[in-house]
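Residue-level structure breakdown
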Amino acid sequence: MIRLENVSKNYKDKKILQNINLEIQDNAITTLIGESGCGKTTTLKMINRLIEPSSGTITIDGQDIRKKNPIALRRSMGYVIQQTGLFPHMTIRQNIELISKIEKKDPKKIKERTLEMMEMVGLNAEEYLDRYPSELSGGQQQRVGIARAFASDPKIVLMDEPFSALDPLTRSSLQDELIHLQENYHKTIVFVTHDMDEAIKISDKIAIMDGGKLVQYDTPENILKHPANDFVRTFVGNKRIWTSPNLIRVEDIMMDHPVTCKPNFSIFYCLNKMKMSHVDTLMVVDEKKKLQGILYASSLTNVNYENKKARDFIENDFLSVHPEDSIIDLLKIIDENKISTMPVVDHKGILKGLITRSSLLTSLSQQFLEKEEQ
Ligand SMILES: Nc1ncnc2c1ncn2[C@@H]1O[C@H](COP(=O)(O)OP(=O)(O)O)[C@@H](O)[C@H]1O
Ligand SMILES: [Mg+2]
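Residues numbered from 1 in each chain as written. Chains lettered and ligands numbered in written order. Predicted model: local features only at pLDDT ≥ 70, side-chain atom pairs only at ≥ 80, totals over all residues. Heavy atoms only, no water.

Some details on the pattern of salt bridges
A full pass over the atoms with the stated rule returns 21 salt bridges. Residues Glu 52 and Arg 49 are paired through a salt bridge, measuring 2.8 Å at the closest nitrogen-oxygen approach. The exposure class of Glu 52 is partly exposed, given its relative accessible area of 32%. For Arg 49, a relative accessible area of 13% corresponds to the buried category. (Salt bridge = Lys/Arg side-chain N within 4 Å of Asp/Glu carboxyl O. Buried < 20%, exposed > 50% of the residue type's maximum accessible area, 1.4 Å probe, protein only.)

Below, the structure is given as structure tokens:
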């Protein structure tokens, strides 16, 4: 774990970073995001000691990095920057192998690793290894930058806006590849960006910075759903969650208080309750709120319900969803089964809410209403 404790940075009397406290988890992608000049690069460069803090402490696995040799520390981490940082007078192979050669690793192993890295970033080794950086496109150069950062198998990889200068299509495919290679290599990646969509897509945790301060540090989902303050709210944007529908969960859009009845309630009472509440279904629950079934008004027409109870007309064979299911799963089930009422139950079968076609429409249309207000 990389830990920043009360880290501040001043240039003369200008405060650049103020009391940053941050715990960066191993084997995860942590993103630093914020507007230009907020201190992202400064924070990143303090982790490999390209910049020293004015006060505060940075530790890696509990060890103060001031006690480490800065050159050795830097070599032990991968580092990818926007302008690739490839040496123009060296071939792709020489660029990728530089650190391993300095460290005098086994030449055979170095060669093998280079081929593995080229494959990892989707570049044909035979075609590209002997070329110079200027003979590659921007996207290809950035792939080489990533291959080089991973080549000496560092635990930590620092990436400073690595995709910002690329066209949107190339950027998007490199983001996909970063996610993919993280699944295989499990590095501790600290990634800087100013692009919220990019951060949401690739990050396990996002640290939002504003004017040299850390304003929120959480998962993409929690940041989208519970922005810590107005700055984050504006920065994230109200509609952003709709571009990541997999983060919208059933509990975010369900009605919390469905109209219920007990199995032993009389049908007469149940019909009256439906009428008063303007609903055409009742969720039938036991004393512990465990869902027993659904009572549909439609199954009560033209029947003699004198002395009959809810349990006599209950539909026991019903589909349900969990509060934490995503809206995408929900829509699939609704679509495949052509149903319009979907109870929400927890893992013990306790009724937590209800999704109806109209509650779904209301929440889906919200995004368009909010867009028009902009
Ligand atoms: N060497 C320096 N001397 C004075 N100010 C600096 C220096 N380096 C960076 N800054 C200032 O520190 C602030 C944060 O810079 P930086 O970390 O590069 O921001 P970001 O990466 O978020 O765009 C900026 O206002 C920048 O002008
Ligand atoms: Mg920067």
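Notes on the layout of surface pockets
Approximately 410 Å³ is the volume attributed to the largest pocket. Counting only elements with at least two residues in the lining of the largest pocket, the list comes to α2 (70-75), β6 (77-81), α3 (92-102) and α6 (138-151). Top element by residues in the lining of the largest pocket is β6. It accounts for four residues. Grouping the constituent residues of the lining of the largest pocket by class yields nine nonpolar, five polar and three charged. (1 Å grid on protein atoms, 1.4 Å probe; cavity = no way out; pocket = protein on both sides within 12 Å on 5 of 7 lines; lining within 4 Å. Points joined across faces, edges and corners; volume = space filled by probe spheres on them. Helix = DSSP H or I, 4+ residues; strand = E, 2+ residues; numbered from the N terminus. Nonpolar A, V, L, I, M, F, W, Y, C, P; charged D, E, K, R; others polar.)

Topic: the sheet that holds strand β13 (residues 291-296)
If you walk across this open sheet you meet the three strands as β11-β12-β13, and the pairing is mixed. Every interior strand has two partners, whereas the edge strands, β11 (260-261) and β13, have only one. Sheet analysis places β11 next to strand β12 (residues 281-285), joined by two bridges and oriented parallel. Looking at β12, one finds that Thr 260 is bridged to Met 283. In the packing of helix α12 (residues 267-277) onto the sheet, contacts are made with β11, β12 and β13, and the angle to β13 comes to roughly 75°. (Pairing = 2+ DSSP bridges. Contact = heavy atoms within 4.5 Å. Axes fitted to C-alpha atoms, helices over the stretch in contact; angles between N-to-C directions.)

Focus: the environment of Met 283
The topology assignment puts Met 283 in strand β12. Separated by 171 residues in the primary sequence, Met 283 and Glu 112 have C-alpha atoms spaced 63 Å apart. Those residues in contact with Met 283 that lie beyond four places of it in its chain are Pro 258, Val 259, Thr 260, Cys 261, Leu 291, Gly 293, Ile 294, Thr 341, Pro 343, Leu 351 and Leu 354.

Concerning the packing of aromatic side chains
Under the defined criterion, the tally for this structure stands at four aromatic pairs. Each ring, one from Phe 163 and one from Phe 191, has its centre 5.7 Å from the other, and the planes form 55°; the classification is tilted. Of this pair, Phe 163 sits in the loop between β7 (156-160) and α7 (168-185) while Phe 191 sits in strand β8 (residues 188-193), placing them 28 residues apart in sequence. A residue is classified by how much of its surface remains accessible, and Phe 191, at 0% relative accessible area, is buried. (Phe/Tyr/Trp six-rings, centres within 6.5 Å; stacked < 30°, edge-to-face > 60°.)

Some words on empty space enclosed by the protein
Rolled over the atoms, a probe with the dimensions of a water molecule shows which regions are left empty. Taken as a whole, this structure holds one cavity of 30 Å³ or more when the rule is applied. Around the largest cavity, the lining residues are Met 46, Arg 49, Ile 51, Glu 52, Pro 53, Gly 56, Thr 57, Ile 58, Asp 64, Ile 65 and Arg 66. If you tally residues by element for the lining of the largest cavity, the top one is strand β4 (residues 55-60), at three residues. Looking at the lining of the largest cavity, its residues break down into five nonpolar, two polar and four charged.

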